[in-house]
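Residue-level listing of the chains:
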Amino acid sequence: MTGSERRTAIMDQIKNSDRPVSGSALAKTFQVSRQVIVQDIALLRATDKNILSTNKGYVLYRPDNKNGHVKRTMAVQH
């Protein structure tokens, strides 16, 4: 698998996941080091992919509306 193919597959995994995807999980899936995944994510971000890093892994930033505003819902119990 070439680097370009791997980056396309990484984007597919992040897009199709309903939870953050860890760098370690991606590294294991593609049989490369976690550092290679970090570099791939950097290259994807350089091509205007909206990938965010969280403490649980990588997620794709998807604004809830066309204005680019983020909608947050909080559950509270009084």
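For the structure given in this document, a descriptive report is provided here. The model shown is predicted, which means the values in this text are computed figures rather than measured ones.

With that settled, consider the pattern of salt bridges. Applying the stated criterion to the full structure yields two salt bridges. For Asp40, the salt bridge goes to Arg6, with nearest N and O atoms at 2.5 Å. With a gap of 34 residues between them, Asp40 in helix H3 (residues 34-46) and Arg6 in helix H1 (residues 3-16) connect regions that are remote in the sequence. Classification of Arg6 as buried rests on a relative accessible area of 13%. Across the pair Arg7 and Asp40 runs a salt bridge, and its minimum N-O distance is 3.1 Å. One end of the pair, Arg7, is in helix H1; the other, Asp40, is in helix H3, and 33 residues separate them in sequence.

With that out of the way, let us pick up unusual backbone geometry. Backbone geometry follows two general trends: most residues other than glycine have a negative phi, and most peptide bonds adopt the trans configuration. Residues other than glycine seldom take positive phi values, yet Gln31 does so here, at roughly 55°. Take Gln31: it is sitting in the loop between helix H2 (23-30) and H3. The exposed category is assigned to Gln31, whose relative accessible area is 74%. For Asp48, which is not a glycine, the phi torsion comes out positive at approximately 65°. Residue position: Asp48 is located in the loop between H3 and strand E1 (51-54).

On to the environment of Ile37, then. By the secondary structure assignment, Ile37 is in helix H3. Ile37 sits in the buried class, given a relative accessible area of 0%. Not counting the four nearest positions on each side in its chain, Ile37 is found in contact with Ile10, Gly23, Leu26, Ala27, Phe30, Val32 and Tyr58.

This part covers the packing of H1 against H2. Between H1 and H2, the least distance of the axes is 11 Å, while the angle of their chain directions is 130°. The orientation of H1 relative to H2 falls into the category oblique. For the pair H1 and H2, the crossing hand works out as right-handed. Seen from H1, the contacting residues are Arg6, Ala9, Ile10 and Gln13; seen from H2, they are Leu26, Thr29 and Phe30. Of the residues belonging to the contact of H1 with H2, the class tally is four nonpolar, two polar and one charged.

Conventions we followed
Residues numbered from 1 in each chain as written. Predicted model: local features only at pLDDT ≥ 70, side-chain atom pairs only at ≥ 80, totals over all residues. Heavy atoms only, no water. Salt bridge = Lys/Arg side-chain N within 4 Å of Asp/Glu carboxyl O. Helix = DSSP H or I, 4+ residues; strand = E, 2+ residues; numbered from the N terminus. Buried < 20%, exposed > 50% of the residue type's maximum accessible area, 1.4 Å probe, protein only. Contact = heavy atoms within 4.5 Å. Axes fitted to C-alpha atoms, helices over the stretch in contact; angles between N-to-C directions. Parallel < 35°, antiparallel > 145°, perpendicular 65-115°, else oblique. Left-handed = near helix turned anticlockwise from the far one by under 90°. Nonpolar A, V, L, I, M, F, W, Y, C, P; charged D, E, K, R; others polar.

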